[in-house]
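Breakdown of the fold
Single-letter residue listing:
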Amino acid sequence: MSLGHTILGLLESRPRHGYDLKRAYDEQFGQARALPYGQVYATLSRLLKGGLVEVEGTEHGEGPERKRYVITEAGITDVAHWLSEPERPSSYLQSTLYTKVVLALLTGRPAGELLETQRAEHLREMRELTQRKLTGDLADQLLCDHALFHLEADLRWLELTAARLDELARKVRG
């Protein structure tokens, strides 16, 4: 995910301070991990230098100065372009798990055990996500569904690979 584009999208609805942007980000996207303040301000600095945002005003208070940022026309165009572009699907053609299976076969280690251990880890993760989905809000439910669908696909791959392990072993050992 592009943090810059996310901040631009949040600014498009209304001007905000860095603190407000962090809070809005955490409410909408920070379910797994909150956004550090330093990252917000570093990103705002890059967007400011790029002409995608500008400082609309500064407020003086008890603490440090609070700058209010507003998106520019160039920023609106940039985020609109980003939103219209489809995300490239992850192809997983260079999978760490596949690499481990091949290396286990090449080195004479039990690749079947590796697959079974990975299967158990996937099932554990699926149980956690399912529990989180049951207690979460709509955003949590949608994010958990996305992750669960990917884990289900991984489980199918693990089963297929386990069924074809002998064939793969012959191929990689040449």
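This text goes with the structure placed above it.
Reading the values: rules and limits
- Residues numbered from 1 in each chain as written.
- Predicted model: local features only at pLDDT ≥ 70, side-chain atom pairs only at ≥ 80, totals over all residues.
- Heavy atoms only, no water.
- Salt bridge = Lys/Arg side-chain N within 4 Å of Asp/Glu carboxyl O.
- Helix = DSSP H or I, 4+ residues; strand = E, 2+ residues; numbered from the N terminus.
- Buried < 20%, exposed > 50% of the residue type's maximum accessible area, 1.4 Å probe, protein only.
- Phe/Tyr/Trp six-rings, centres within 6.5 Å; stacked < 30°, edge-to-face > 60°.
- Lys NZ or Arg CZ within 6 Å of the ring centre and 35° of its normal.

1. A closer look at the pattern of salt bridges
Inspection of the entire model under this criterion finds 12 salt bridges. For R68, the salt bridge goes to E56, with nearest N and O atoms at 2.8 Å. A residue pair is termed long-range when its members are at least 10 positions apart, and R68 in strand β3 (residues 66-71) and E56 in strand β2 (residues 53-59) qualify at 12 residues. Residue classification places E56 among the partly exposed positions, given a relative accessible area of 44%. A salt bridge links E116 to R119; the nearest nitrogen and oxygen atoms lie 3.6 Å apart.

2. Side note on the packing of aromatic side chains
Enumeration according to the criterion identifies 2 aromatic pairs in this entry. Measuring from ring centre to ring centre gives 6.2 Å for Y19 and Y37, while their planes differ by 10 degrees; the resulting arrangement is stacked. Taken together, the positions of Y19 in helix α2 (residues 18-29) and Y37 in helix α3 (residues 37-49) put the pair 18 residues apart, joining distant regions of the chain. A relative accessible area of 39% places Y19 in the partly exposed class. On the accessibility criterion, Y37 (36% relative accessible area) is partly exposed. Pairing Y25 with F29 gives two aromatic rings, centres 5.5 Å apart and planes at 55 degrees, and the pair type is tilted. Of the two residues, Y25 and F29 are both situated in helix α2; the distance of 4 residues between them amounts to about one turn of the helix. Look at F29 and you get partly exposed, because its relative accessible area is 37%. Its end group placed over the ring of Y37, K22 keeps NZ or CZ at 5.1 Å from the ring centre.

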